[in-house]
Amino acid sequence: MKRTPTRDIIFLFVGTRLALVIVTYLSYILLTAPKYSSAPVDIVALLTSWNHWDSANFVRIAQYNYQTAYDTAFFPLLPLLIFILAHLLGGWNGSYQLAGMLISNGALLGTLFVSYQIASDAQGDQVARRSLLYLCIFPTAFYFFSAYNESLFILLVMCAFLAMRRQRWWLAGLLGMLAALTRSAGILLVVPYLWEVWVTRESIAAMRWRANQLLRFFPVVLIPLGTAIYSCYCWYLYNAPLSFAIVQGHWARHTSWPWIGIWQSLYEIFWNQPFGSFNEAHNILDLSATVGFLLLAILGWRKLRMSYNIWIALLLLYALVSPATGQHDALVSSQRLVLEMFPGFITLAALGITYPRLHQALMLIFPILLAILSMLFIMNRWMV
């Protein structure tokens with residue numbers, strides 16, 4: 001295990017958190033307070049300005065449990081952790097939102113430490129440091145600040161991959177189960193787990209191969225067990241074990257061919273939407289994120305460990321086969337979902353080191369977009 005640059009990671013974490021605090025303070029006050037006014041805004045609103053969209057749903061579920069079948073789209077681990085921490089903080093009304101943000105930011109800090117180990121093993125120290133930087137200033141990295149489950153999911157996934165690399169199979173299975181209780185995509189960890197077990201077969205003594213291989217394969221059952229546990233809970237609540245999948249139609253998501261979402265976005269941008277419309281801009285952002293990480297998956301295919309390639313390919317396919325074809329932005333949420341594709345950030349970091357002009361462009365574009373999109377989220381504009 002390589003020595004982790006603890007001081008640099010903490011500096012990056014604290015620096016980006018302070019930047020988002022400054023964006024919150026300035027944008028909320030300047031965009032809500034009457035102009036030329038000396039009257040202060042409600043300070044509590046600075047915290048609740050982050051309680052929008054999925055964050056509001058996770059906090060509400062933590063506080064009042066699942067109230068309708070539509071709530072089952074939000075997997076239970078984050079609300080459970082929010083509930084526990086909020087009660088430790090006293091259980092007052094605002095403690096749930098605070099607990100959610102503390103968990104999200106704490107999980108990001110843990111992710112940075114684990115990510116460094118994975119990226120440095122794959123591409124070395126310089127690439128690892130650069131990948132952490134790009135992750136923290138990515139245009140939608142503000143989701144790590146709010147009470148979303150992105151950072152918790154990424155932490156569990158990367159810890160599972162690190163456990164696989166260290167051949168700690170039961171720990172990897174347990175972490176995979178927790179990931180499956182955090183997001184529906186967690187069950188996809190089964191595939192890279194089986195691949196990692198298969199590629200370690202040569203390290204097993206020949207006469208004990210069969211028994212040892214079975215022992216290594218067996219913990220994989222823990223990963224789908226997480227999904228099964230949640231399915232049983234959905235069955236108990238609404239007599240529908242796959243409720244979390246069925247309700248996706250409520251958000252206009254439908255199973256489709258992988259290219260349909262991309263084609264519809266291109267149609268909206270270049271034909272259906274008038275120039276300068278809100279839908280056009282949103283489509284450009286979501287399509288750019290999707291195509292960008294498709295390219296990163298291709299460019300990193302021969303350079304990264306195969307289990308990492310499998311993971312990013314599965315996530316891309318998982319997102320592309322369920323586009324929101326019933327609305328104008330078929331690739332909605334792609335800007336957020338790519339945050340989970342950690343191999344893409346490793347490849348992007350390697351490219352940024354090889355091509356300094358690319359790094360300079362990213363250092364200009366990423367923070368600007370991060371500030372703009374953060375302000376949109378704070379003002380409860382359409383960012384999910």
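Now for a look at the structure at hand.

Criteria and cut-off values
Residues numbered from 1 in each chain as written. Predicted model: local features only at pLDDT ≥ 70, side-chain atom pairs only at ≥ 80, totals over all residues. Heavy atoms only, no water. Axes fitted to C-alpha atoms, helices over the stretch in contact; angles between N-to-C directions. Helix = DSSP H or I, 4+ residues; strand = E, 2+ residues; numbered from the N terminus. Parallel < 35°, antiparallel > 145°, perpendicular 65-115°, else oblique. Left-handed = near helix turned anticlockwise from the far one by under 90°. Contact = heavy atoms within 4.5 Å. Nonpolar A, V, L, I, M, F, W, Y, C, P; charged D, E, K, R; others polar. Patch = residues over 30% accessible without salt bridge, like charges linked within 9 Å, V, L, I, M, F, W, Y side chains within 5 Å. Areas by Shrake-Rupley, 256 points an atom, 1.4 Å probe, with all protein chains shown as cover. Salt bridge = Lys/Arg side-chain N within 4 Å of Asp/Glu carboxyl O. Phe/Tyr/Trp six-rings, centres within 6.5 Å; stacked < 30°, edge-to-face > 60°. Buried < 20%, exposed > 50% of the residue type's maximum accessible area, 1.4 Å probe, protein only.

### Considering the packing of helix α4 (residues 77–88) against helix α5 (residues 95–123)
Look at α4 against α5: their axes get within 8 Å of each other, and the N-to-C directions meet at 120°. Of the possible angle classes, the one that applies to α4 and α5 is oblique. With respect to the hand of their crossing, α4 and α5 are arranged in right-handed fashion. From α4, Leu78, Leu81, Ile82, Phe83, Leu85, Ala86 and His87 reach across to α5, where they touch Ser95, Tyr96, Ala99, Gly100, Leu102 and Ile103. By residue class, the composition of the contact of α4 with α5 is 10 nonpolar, 3 polar and no charged.

### Examining a nonpolar patch on the surface
A contiguous nonpolar patch, built from Ile22, Tyr25, Leu26, Leu30, Leu31, Leu364, Ile365, Ile368, Ile372 and Met375 and spanning about 980 Å² of accessible area, is present on the exposed surface. Listing elements by their share of the nonpolar patch, those giving two or more residues are α1 (6–32) and α18 (356–378). Topologically, Leu26 is positioned in helix α1.

### Details of the packing of helix α6 (residues 125–137) against α18
At a minimum axis distance of 9 Å, the contact between α6 and α18 shows a crossing angle of 30°. Comparing the axis directions of α6 and α18 gives the class roughly parallel. Here Arg130, Leu133, Tyr134, Cys136 and Ile137 of α6 lie close against α18, whose contacting residues are His359, Leu362, Met363, Phe366, Pro367 and Leu370. In the contact of α6 with α18, the residues fall into 9 nonpolar, 1 polar and 1 charged.

### Re the packing of aromatic side chains
One pass over the full model with this rule turns up 30 aromatic pairs. The interplanar angle of 70° and the centroid separation of 5.9 Å between the aromatic rings of Phe161 and Trp311 together place this pair among those described as edge-to-face. In this pair, Phe161 is assigned in helix α7 (residues 150–165) and Trp311 in helix α15 (residues 306–320), connecting sequence segments 150 residues apart. Overall, the relative accessible area of 1% leaves Phe161 in the buried class. Assessed through its relative accessible area of 0%, Trp311 is described here as buried.

### A look at the pattern of salt bridges
Considering all chains together, one arrives at 9 salt bridges under this definition. One salt bridge in this structure joins Arg166 and Asp121, with 3.5 Å as the shortest N-O distance. With Arg166 in the loop between α7 and α8 (169–180) and Asp121 in helix α5, this pair connects stretches of sequence that are 45 residues apart. On the basis of relative accessible area, Asp121 is assigned to the partly exposed category, the value being 30%. Two residues, Glu196 and Arg305, come together in a salt bridge whose shortest N-O distance is 2.6 Å. Remark: Arg305 occurs in the loop between α14 (278–299) and α15 and Glu196 occurs in helix α9 (residues 190–199); sequence separation between them is 109 residues. Owing to a relative accessible area of 31%, Arg305 belongs among the partly exposed residues under this scheme. Ionic contacts of the salt-bridge type, sharing partners, join the residues Asp54, Glu150, Arg183, Arg336 and Glu340 into one network.

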